[in-house]
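# Tertiary structure, described
Now for the letters of each chain:
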Amino acid sequence: MTEPLEAAFITFIRSQQQSIYRLAYNYTKNEQDALDIVQESIQKGWLALEKLTNTEQMKSWFFTILVRTAIDFLRKHNRVVLVGDEALQQLPEHDTYENLDLQQALQHLPLQLREVIVLRYFEDLKIDEVAHILTLPVSTAKSRLYKALRLLKIELEQEDMGHHA
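Residues numbered from 1 in each chain as written. Predicted model: local features only at pLDDT ≥ 70, side-chain atom pairs only at ≥ 80, totals over all residues. Heavy atoms only, no water.

### Considerations on the pattern of salt bridges
Per the counting criterion, the structure on display carries four salt bridges. Notably, a salt bridge pairs Glu40 with Lys44, separated by 3.3 Å at the nearest N-O pair. Of this pair, Glu40 and Lys44 both sit in helix α3 (residues 31–47), four residues apart, which is roughly one turn of the helix. For Asp72, the salt bridge goes to Arg75, with nearest N and O atoms at 3.7 Å. Taken together, the residues span about one helical turn, with Asp72 and Arg75 both in helix α4 (residues 58–76) at a distance of three residues. (Salt bridge = Lys/Arg side-chain N within 4 Å of Asp/Glu carboxyl O. Helix = DSSP H or I, 4+ residues; strand = E, 2+ residues; numbered from the N terminus.)

Spelled out as structure tokens, the structure:
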């Protein structure tokens, strides 16, 4: 493995640590499990680093590893994450999803729809990168994104009507 590649990986992990943690936490809703997934993903990434041919694609390459590690973790532990209002109030301080109504609305989405929203808007990835990370055709990623946006809009409008009633 080349030293510049190793250095680029270390720099990437350091600069993206909040995004990496936030993405893992989005799957587990548990701080320790998210940290375990991050650690395992970094280890997998380090071991597979020589397979990365273009360092400009490091973010989407690593997020693919992270998403697959998180999904494997959830399968292995037979977890379906249901988050109530109390758990939402206790989110870690370093979670940067600032709008609580949006955060709650996101939690009502099925994981397949939520992960597309998180990758596209919170992690600022292009739709083709999202599709690649989730191993989906671009058309499927787009349709999930549009469906998720429609459901979020409905959810947020209902929340808004509830506050003004």
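Now that the structure has been shown, the text picks up again.
### A closer look at the side chain of Thr69
Within the secondary structure, Thr69 is located in helix α4. Look at Thr69 and you get buried, because its relative accessible area is 2%. Ignoring sequence-local partners within four residues, the contact set of Thr69 consists of Ile37, Glu40, Ser41 and Lys44. (Buried < 20%, exposed > 50% of the residue type's maximum accessible area, 1.4 Å probe, protein only. Contact = heavy atoms within 4.5 Å.)

### A short note on the packing of aromatic side chains
Aromatic rings considered in pairs are described by the distance between their centres and by the relative angle of their planes. What the rule picks out here adds up to five aromatic pairs. Centroid distance Phe9 to Phe62: 6.0 Å. Interplanar angle 65°. Geometry classified as edge-to-face. With a gap of 53 residues between them, Phe9 in helix α1 (residues 3–15) and Phe62 in helix α4 connect regions that are remote in the sequence. Of the two residues examined, Phe9 and Phe62, each falls in the buried class. Where Phe12 meets Phe62, the ring centres are 5.8 Å apart and the plane angle is 70°; that geometry is what we call edge-to-face. Taken together, the residues Phe12 in helix α1 and Phe62 in helix α4 connect sequence positions 50 residues apart. (Phe/Tyr/Trp six-rings, centres within 6.5 Å; stacked < 30°, edge-to-face > 60°.)

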